[in-house]
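What follows is each chain in one-letter form.
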Amino acid sequence: MGRKCWASQANLSIVAVGVTSQILPPPFDGDSVVEPKMSDADLTDIPLPHDSPREPDPAPIAGEKAIALVVDLDGTLLRSDLLVESGTAWIVAEPKRLFGLPALLKSGKAALKAAIAAQTAIDVSLLPYDETVLAAMAAARAEGRRVYIASASNARYVAAVAAHVGVDGWFASDATTNLAADAKAQRLVEAFGHKGFDYIGNDNADLPVWAVSRRSLAVRPSEATRAKLMAIDPSAQVLVAADAQPWRAWIKLVRPHQWAKNVLVFVPLATAHHFDLASIVACLFAWLAFSLAASSIYIVNDLVDIRADREHPSKRRRPLAAGTVPILRAPLVAAGLMLTGLGIGALISWSLAGLLVGYLVLTTAYSFSLKRKMLVDVVALASLYTLRVLAGAAAIGVPASEWLLAFSMFVFTALALIKRYVELTARIDADLPEATNRNYLKSDLSVVAALTAASGFNAVTVFALYISSDAVRLLYPHPGFLWLVCPILMYWIGRMVIMAQRRYIDDDPVLFALHDRNSQIAFVLIALLLVIAGVKW
C-alpha cells in the first residue's frame, strides 16, 4: 500500500487532520475506489510519518489566509449520502446482513459505518459532486487558504474523496466516534479555534458547527434549517438555494409514465366480458394500487443500482444517481407509496392485496438478487407482468384463465428478453465494459435474440391452441375470426425483435410498444377481431 496517514483511535475521530494533499491517500488505480479489504485495526496501525502534523500547521498566516475553509461532505460537497449508498450496497451484496443490523446499531452509528466501509467499496470518481461547492473550494485555494473536509462519514470514504478532489486535510468518523453535530463542532474548534474557520454545510446537523464558525455558508438548506441558521448567524450566506421545483425530480423518480404497463389489470375484464360499472371501477383502483406499488419499487431499484446507473450513458441522469433528489428521503417516499398501494388493494379485495404483497416480494427479490441471475431475471420480469393480469381477475372476482396466463408468460418473457437485448446493444455500441449488475455478456447477444423470437412465437402457438379448444366457444360465438389474430401477433413480435436489432427501442420494450404507431395499429386490429368474434350477429 502507499503511504497513508490516519490518527489513532485515542485521538478521537481526527483522521489525517492538517495533512497536506501530497500525503493524503492517493487515488486507487486511478479510479479512487476505496479498498474494501482493510480492517479497522489497519486504520490505526498505519503510523503517521514523523514529519506529518496531526493538527493544522501552527505556523502563523496573516489575514484572510489564516482562515481555513471547512466543507461538509454528505449533502454538501456531495449531492448524496455515503451511508445510504454504501449501506444499500452492503445489504445487496449479502441480504442476510439485515439480520445483523440490530447488533451493529447497539454498538452505535460509528461502528455501523465502520463495518459497512470495511466491506463495501465506493468509486468516488462517479459520485455527484456539487459544482458550486467545488468552485468555492477552488476559489479559497486560489486565495492561498487551506481547505479541509469534515464529515460524519467513515474515514475510508472521506480519505478517498479528499484524495480525489484535493484538499489540505480531513476529519472523519472512526469505529467509535461519529463525527457529527456537536462532536464535529468541538473538534473543529480544537483544530482551528473558535470562529477560526469558515464552514459550508447543508442541514440541521451542521447548526452547532455554524455556531462556532466565523462565516456560515449553506447549500440547499430546507426552509426550517435556513431559519435556524439565520437565527444563529444573520449574515449567513446560502451558496446554493434549495430547488424551487423539487417535484420535477420526484416525478421523474417515481416514473408515472411507467404506469401505462399496469393497464394489464384490465385484460381479464375484457377477456371475461365483464363491462359493468362496478368491474370497471374495481379495475381502475387495482391499476392505481399497482402503479403506486410499482413506483415504490422503482425507487428501491434506483437505490440498489445507483453505481451501475452512474456508469450508464443515459441512466446516470436518473434523480438518485445524479443527486437531484435528497437520497435520505427516497426510502421514506418508497415506503409511503408502498403502504398506500397496499391499502387501496385491501379496499378492493383481500385477494388483490395478497397479489400486491406477492408482487412487492418478488420485485424486491428481483432488485436485490434475481436481476443478477441469468434468465432467472427474465422469468421474474415475465411473472411480474403476469401478476398484473392475475390482479385484474382478482379485482373483478373472476377466475384467471389458464390459457391467458400461459399466453402472458410467453409474451412477457419475450419482452423481458428484448429489454436485455437492448441493454447489451447499448453497451456494445458505447464500447462499455461488461455490466456488473447483470449476468449477461455482450457475446450473448445472438442467443438472447433467438430466445426472444422463440418465446414470442410460443405465445402465438398457445393462442392458436386456445382457439381450437372448447373453452373459446363459451365466450366467442364466432371463434373463426380469432385465427386472424395469429398473423398480427407474428408480425408484431417479429417487428419488435427487428426494431431492437436496429436500435429503435431505447430501453423499455413495453413502453415502446405502447407508443409505437405500428404496434398501436396491431393492438387495435386485435381488439376489433375480439369484438367481432364475441358479438352475436
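It should be emphasised that the depicted structure is a prediction, and the values quoted were computed from it without experimental measurement. (Residues numbered from 1 in each chain as written. Predicted model: local features only at pLDDT ≥ 70, side-chain atom pairs only at ≥ 80, totals over all residues. Heavy atoms only, no water.)

A. Broad picture of the overall build of the chain. A count of helices and strands for the chain gives 22 helices and 6 strands. Looking at the 537 residues of the chain, the share that counts as buried comes to 51%. Pairs at least 24 apart in sequence give 68% of the contacts found in the chain among residues at least 6 apart. (Helix = DSSP H or I, 4+ residues; strand = E, 2+ residues; numbered from the N terminus. Buried < 20%, exposed > 50% of the residue type's maximum accessible area, 1.4 Å probe, protein only. Contact = heavy atoms within 4.5 Å.)

B. A look at helix H20 (residues 485-501). Helix length check: H20, at 17 residues, gives a terminal C-alpha distance of 25 Å against a target of 24 Å (1.5 Å per residue), a fit within 8%. Inspection of H20 places Val485, Cys486, Ile488, Leu489, Trp492, Ile493, Arg495, Met496, Met499 and Ala500 among the buried residues, and these make up the whole buried set. Tucked into the core, H20 has its buried residues touching helix H18 (402-429), helix H19 (445-468), helix H21 (509-515) and helix H22 (517-534). In the segment just after H20, arginine 503 is the residue with positive phi, at about 70 degrees. (Expected span 1.5 Å × (residues − 1).)

C. Structural detail: the pattern of salt bridges. Within the structure shown, the criterion is met by 24 salt bridges. Across the pair glutamate 85 and arginine 310 runs a salt bridge whose closest N-O atoms are separated by 2.6 Å. With glutamate 85 in helix H2 (residues 82-93) and arginine 310 in helix H13 (residues 306-311), the pair connects residues that are 225 residues apart, well separated along the chain. Here arginine 438 and glutamate 423 are joined by a salt bridge, their closest N and O atoms 3.3 Å apart. Within this pair, whereas arginine 438 is found in the loop between H18 and H19, its partner glutamate 423 is found in helix H18, the two being separated by 15 residues in sequence. For arginine 438, a relative accessible area of 13% gives the class buried. Overlapping salt bridges, with partners in common, bring together Lys315, Asp377, Arg420, Glu423 and Arg438 in one network. (Salt bridge = Lys/Arg side-chain N within 4 Å of Asp/Glu carboxyl O.)

D. Just the nonpolar core, in detail. Core analysis: the largest hydrophobic core is formed by 88 residues, its most contacted members being Leu320, Tyr359, Leu415, Met496 and Ile505. Among the elements that make up this core, the one with the highest residue count is helix H12 (residues 277-304) (13 residues). Formed by 35 residues, the second largest nonpolar core is a distinct cluster that contains Tyr129, Val158, Ala159 and Leu217. (Core = buried A, V, L, I, M, F, W, Y, C linked by side-chain atoms within 4.5 Å.)

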